[in-house]
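Descriptive structure summary
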Amino acid sequence: MRCVFVVVLLLLAGCGTVPKDTRNACAVFEQRDGLFNSWRRAAYAAEREYGVPVPVLMATIYTESGFQHNARPPRTKLFGFIPWTRVSSAYGYSQALDGTWARYQTETGRWTARRTDFADAIRFIAWYHNQSHQQNGIALNDPYRLYIAYYHGHGGYARGNWSQTAQTGAKRASGMAALYAQQLRGCSS
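To start, this report covers the structure provided alongside it. (Residues numbered from 1 in each chain as written. Predicted model: local features only at pLDDT ≥ 70, side-chain atom pairs only at ≥ 80, totals over all residues. Heavy atoms only, no water.)

1. Remarks on helix α6 (residues 118-136)
The end-to-end C-alpha separation of α6 is 26 Å, in line with the 27 Å expected for 19 residues at 1.5 Å each. With 14 of 19 residues buried, α6 lies mostly within the body of the structure. Of the residues one or two after α6, Gly137 is the one with positive phi, at around 70 degrees. (Helix = DSSP H or I, 4+ residues; strand = E, 2+ residues; numbered from the N terminus. Expected span 1.5 Å × (residues − 1). Buried < 20%, exposed > 50% of the residue type's maximum accessible area, 1.4 Å probe, protein only.)

2. Here we look at helix α3 (residues 39-50)
Helical geometry: 3.6 residues make up each α-helical turn, so side chains three or four residues apart lie on a common side. Under the 1.5 Å per step criterion, the end-to-end length of α3 is 16 Å for twelve residues, consistent within 8% with the ideal 16 Å. Among the residues making up α3, those that are buried are Trp39, Arg40, Ala42, Ala43, Ala46 and Tyr50. Buried residues along α3 sit against α2 (25-31), α4 (54-65), α5 (98-108) and α6. At the C-terminal side of α3, Gly51 shows a positive phi close to 80 degrees. (Contact = heavy atoms within 4.5 Å.)

3. Let's talk about the packing of aromatic side chains
Tallying each qualifying case throughout the model produces 17 aromatic pairs. Both rings, one in Tyr104 and one in Phe124, keep their centres 5.3 Å apart while their planes meet at 90 degrees; by these two values the pair is edge-to-face. Placement of the pair is Tyr104 in helix α5 and Phe124 in helix α6, with a sequence separation of 20 residues. This pair shows no difference in class: Tyr104 is buried, exactly as Phe124 is. An aromatic cluster is present here, built from Trp101, Tyr104, Phe124, Trp127, Tyr128 and Tyr150 joined pairwise through their rings. For the cation-ring pair, Arg32 lies above Trp39, with the distance from its terminal atom to the ring centre recorded as 5.4 Å. (Phe/Tyr/Trp six-rings, centres within 6.5 Å; stacked < 30°, edge-to-face > 60°. Lys NZ or Arg CZ within 6 Å of the ring centre and 35° of its normal.)

4. Here we look at the packing of α4 against helix α7 (residues 143-159)
Where α4 meets α7, the closest approach of the two axes is 11 Å, and the angle between their N-to-C directions is 50 degrees. In terms of orientation, α4 lies oblique with respect to α7. As for the relative orientation of α4 and α7, their crossing is right-handed in sense. Two secondary-structure elements touch here, α4 through Val56, Thr60, Thr63 and Glu64 and α7 through Pro143, Leu146, Tyr147 and Tyr150. The residue makeup of the contact of α4 with α7, split by class, is five nonpolar, two polar and one charged. (Axes fitted to C-alpha atoms, helices over the stretch in contact; angles between N-to-C directions. Parallel < 35°, antiparallel > 145°, perpendicular 65-115°, else oblique. Left-handed = near helix turned anticlockwise from the far one by under 90°. Nonpolar A, V, L, I, M, F, W, Y, C, P; charged D, E, K, R; others polar.)

Structure below.
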C-alpha cells in the first residue's frame, strides 16, 4: 500500500508547478513529458486538429498565464486595501473567460474540459485561433493578430480599436512564437 501511495505522489508531484524554463519550448516539453500527461503530444494534437502551429499556441499560453495552471487576474481593492472582486473571470493556462469556455464546451462537445488542464487549455486556444481565422481572416501562423483577437475577442478585433495592453501582449506573443519555432526545429522528438 505504501508503494502505491509513493507512486501516486510522484505522478502528481509536477502537475501544478510551472516549468523551470518557460522561454525554452524544448525544455518545457522535456519537463512535461509524462506517460499520461505529455504536453508535447497535446500541443501537436491541437495543431493537427485546428491547424495552428505549436509555437503560436505555446506563445499564447506563455503570454496569457506564464504556464501557471491556476492563473487568475488580480483582485480589485475595496477602500484601497480589502481584496474584492477580480476584473474578469479569466482562469487557467488559457485565461479563458467563463462564457467563452462554456461556448467552447458546447460547440466542441468537450463537457469535461478544464482550464487548469494543459491539454484542454491548448486545444481551446487552437480552437479559438481557428475561429479568429474563420471569422476575421487572420492567418493561422500570425501570432500578433491572433493574440489581438484572443485578447479583444472577434468583434473587438474587427472594430480595430486595439488597446496598448493588447498590442504589447501581441508583440510579446509574436516574439515568443518566433523563439519557440526556432527552438522546436532543434528539439529531439
